[in-house]
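Notes for the structure review
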Amino acid sequence: QVQLVESGGGLVQPGGSLRLSCVGSGSYFSIASMGWYRQAPGNQRELVATITSGSTTNYADFVKGRFTISRDNAKNTVYLQMNSLKPEDTAVYYCNWARGPMNYWGKGTLVTVSS
């Protein structure tokens, strides 16, 4: 069983920045792929960024150049640095842990971009 707890969400003005954190429990954190997904009201959950156990990253086109995913295996933590935020980035952001057929989700943290 893996438990994930996200933090760092909040209200930010357009053009601002936030850093999300996701702390995972369990001893298999370093061998899993981690990801951030988001879901806006009325929309399906969508991939934002992923990072493999070897730290290879992948980004959705709509965040390339603005968001950066990173991980600290010693702290069982994955981060999402979000810069140049736009109102359309408003959503609940979820952390994901994936290894083979196993998949775990956090409960999410709300990011609101508004003036």
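Residues numbered from 1 in each chain as written. Predicted model: local features only at pLDDT ≥ 70, side-chain atom pairs only at ≥ 80, totals over all residues. Heavy atoms only, no water.

Let us look at the nonpolar core. Counting residues in each nonpolar core, the largest one holds 30 residues, and the members touching the most others are Trp 36, Val 78, Leu 80, Met 82 and Tyr 93. Elements represented by at least two residues in this core include exactly strand 3 (18-24), strand 4 (33-39), strand 5 (46-51), strand 7 (67-72), strand 8 (77-82), strand 9 (91-99) and strand 11 (109-113). Counting residues per element, this core draws most heavily on strand 9, which supplies 4 residues. In this structure Leu 80 touches Leu 18, Arg 19, Leu 20, Trp 36, Val 48, Ala 49, Phe 67, Thr 68, Ile 69 and Tyr 93, once residues within four positions along its chain are discounted. (Core = buried A, V, L, I, M, F, W, Y, C linked by side-chain atoms within 4.5 Å. Buried < 20%, exposed > 50% of the residue type's maximum accessible area, 1.4 Å probe, protein only. Helix = DSSP H or I, 4+ residues; strand = E, 2+ residues; numbered from the N terminus. Contact = heavy atoms within 4.5 Å.)

The side-chain alternation of strand 11 yields one buried face, formed by Thr 109, Val 111 and Val 113, and one unburied face, formed by Leu 110 and Thr 112. Relative to strand 11, strand 2 (residues 10-12) runs parallel, the two sharing 3 bridges. The partner of Val 12 across the bridge, within strand 11, is Val 113. Note: strand 9 against strand 11, 3 bridges, orientation antiparallel. (Pairing = 2+ DSSP bridges.)

Limitation: the analysis is restricted to geometry and does not speak to function.
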